[in-house]
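A structural walkthrough
Given next are the chains, with one letter for each unit.
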Amino acid sequence: VKRVASRNPLEGPVVLSDFLRPDVFLNALRQQTARALKISIDSLHLVSSFEPHLLDGSSAPLPVSVQNLILEGCVFDTKHMVLSEGQRNSPLVSVLPPLTIAWMCRDTTPQRAISTAKSQAGVSMPIYVGLSREQLIGEVVLNTDSKQQRILNAAALFLTESAT
């Protein structure tokens, strides 16, 4: 209620699992960004970064910080800000630090993962509602130390740990 009553409901971090239809929220964000940039909706793609200051400015008018995303299939290296191979004693799932996402023009920002990390590959990570992987709501590209290993491990992001 406080978020809706405020002048800018996207000012603080957003928990996508709080939305009844998180895919509709992402599409509405895409539409608003297209209006703000005065470009077609088809010329936008979703860009992500763990460094929110990299997505500020006129090319990303509506950046949103998303928190409580659950990661499965690898671990997040907070020192290098990349996905990496888990150890034997690593938990099966872990919560990512806040991830900033923004719809940006493909022509001006061709990369989909923005980071200050040097020479890291990007891997497309699906975002599912629950661990059952039945409802896909979108995908983001995150930096990783081994794109092939993330694909082989079927690494993915989830909104909740429930099976729904």
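Above this text is the structure in question.
Quick look at the structure, then. All figures in this text were calculated on a predicted structure; none of them were measured in a lab. (Residues numbered from 1 in each chain as written. Predicted model: local features only at pLDDT ≥ 70, side-chain atom pairs only at ≥ 80, totals over all residues. Heavy atoms only, no water.)

**Quick look at the overall build of the protein chain**
Quick reminder of the rule: Secondary structure elements follow DSSP: runs of H or I of four or more residues count as helices, runs of E of two or more count as strands, with numbering from the N terminus. For a compact globule the rule gives 2.2 Å times the number of residues to the power 0.38, and the radius of gyration it is set against comes from C-alpha atoms. A simple rule labels every residue: compare its accessible area, found with a 1.4 Å probe on the protein chains alone, to the largest value its type can have, and call it buried under 20%, exposed over 50%, or partly exposed in between. The contact rule is simple, with two residues in contact once any of their heavy atoms fall within 4.5 Å. Each accessible area is a Shrake-Rupley result for a 1.4 Å probe, and residues are judged covered by the shown protein chains and nothing else. Residues counted as positive are Lys and Arg, residues counted as negative are Asp and Glu, and His and the chain ends are not counted. Positions of charges follow a simple convention, taking NZ of Lys, CZ of Arg, CG of Asp or CD of Glu.
Check the secondary structure of the protein chain and you find three helices and ten strands. Here the C-alpha atoms of the protein chain give a radius of gyration of 16 Å, agreeing with the 15 Å that 2.2 N^0.38 yields for 164 residues. Along the first, second and third principal axes, the C-alpha set of the protein chain runs to 45 × 35 × 25 Å. Residues classed as buried in the protein chain amount to 38% of the 164 residues present. In the protein chain, of all internal contacts separated by at least 6 residues, the share reaching a separation of at least 24 is 72%. On the protein chain, roughly 9,300 Å² of surface is accessible, and the fraction owed to carbon and sulfur atoms is 53%. When the 15 basic and 14 acidic side-chain charges of the protein chain are each reduced to a single mean position, those positions are 4 Å apart.

**Focus on the pattern of salt bridges**
Applicable threshold: One side-chain nitrogen of Lys or Arg within 4 Å of one carboxyl oxygen of Asp or Glu is enough to make a salt bridge.
In this structure the tally under the stated criterion is five salt bridges. The salt bridge involving arginine 112 is made with glutamate 139; its shortest N-O contact spans 3.6 Å. Placement of the pair is arginine 112 in the loop between strand E7 (99-105) and strand E8 (121-128) and glutamate 139 in strand E9 (residues 136-144), with a sequence separation of 27 residues. With relative accessibility at 36%, the residue glutamate 139 sits in the partly exposed group. Linked through salt bridges whose partners overlap, the residues forming this network are Glu85, Asp145 and Arg150.

**Observations concerning the packing of aromatic side chains**
Just so we agree on the cut-off: A pair of aromatic rings is counted whenever rings of Phe, Tyr or Trp (Trp by its six-membered ring) have centres within 6.5 Å, and the orientation is called stacked for planes under 30 degrees apart, edge-to-face for over 60 and tilted otherwise.
A complete count under the given rule lists three aromatic pairs for this structure. Their ring planes at 20 degrees and their centres at 4.4 Å tell us that phenylalanine 19 and phenylalanine 25 sit as a pair that is stacked. Using a relative accessible area of 31% as the deciding quantity, one classes phenylalanine 19 as partly exposed. In this structure phenylalanine 25 comes out as buried when scored by relative accessible area, which is 13%. Between tyrosine 128 and phenylalanine 158, the aromatic rings sit 5.9 Å apart at their centres with planes inclined by 25 degrees, giving stacked as the arrangement.

**Points about the sheet that holds strand E2 (residues 64-66)**
Put simply, the rule is: DSSP bridges decide pairing: two strands pair if at least two such bridges lie between them. Every axis corresponds to a line fitted to the C-alpha atoms, with the helix fit spanning only the stretch in contact, and the corresponding angles, defined between N-to-C directions, vary from 0 to 180 degrees.
Strands sit in the order E1-E7-E2 across an open sheet of three strands; the sheet is antiparallel. The sheet is open, and its two borders are formed by strand E1 (44-49) and E2, each paired with just one other strand. Here the average twist between neighbouring strands, direction ignored, is 35 degrees.

**So, the side chain of glutamate 51**
Topologically, glutamate 51 is positioned in the loop between E1 and E2. Apart from residues lying up to four places away in sequence, glutamate 51 is in contact with Met81, Ser115 and Thr116.

**Some points on the nonpolar core**
Note the cut-off: As used here, the term nonpolar core means buried Ala, Val, Leu, Ile, Met, Phe, Trp, Tyr and Cys residues forming a set that is joined through side-chain atoms within 4.5 Å.
Residues Leu71, Leu83, Ile101, Met125, Val140, Leu142 and Leu157 are the most contacted members of the largest nonpolar core, which totals 30 residues. Elements with a contribution of two residues or more to this core: helix H2 (22-37), E1, E2, E7, E8 and E9. Among the elements that take part in this core, H2 stands out by supplying four residues, more than any other. Once residues within four sequence positions are removed from consideration, leucine 142 is found in contact with Ser48, Phe50, Leu83, Leu99, Ala113, Ala121, Gly122, Val123, Met125 and Leu157. Listed in part, the six residues of the second largest apolar core include Val47, Leu55, Ala60 and Met104.

**Description of unusual backbone geometry**
One non-glycine residue, asparagine 68, lies in the positive phi region at around 65 degrees. Here asparagine 68 is to be found in the loop between E2 and strand E3 (70-72). The partly exposed category is assigned to asparagine 68, whose relative accessible area is 40%. Even without being glycine, alanine 154 reaches a positive phi, approximately 55 degrees.

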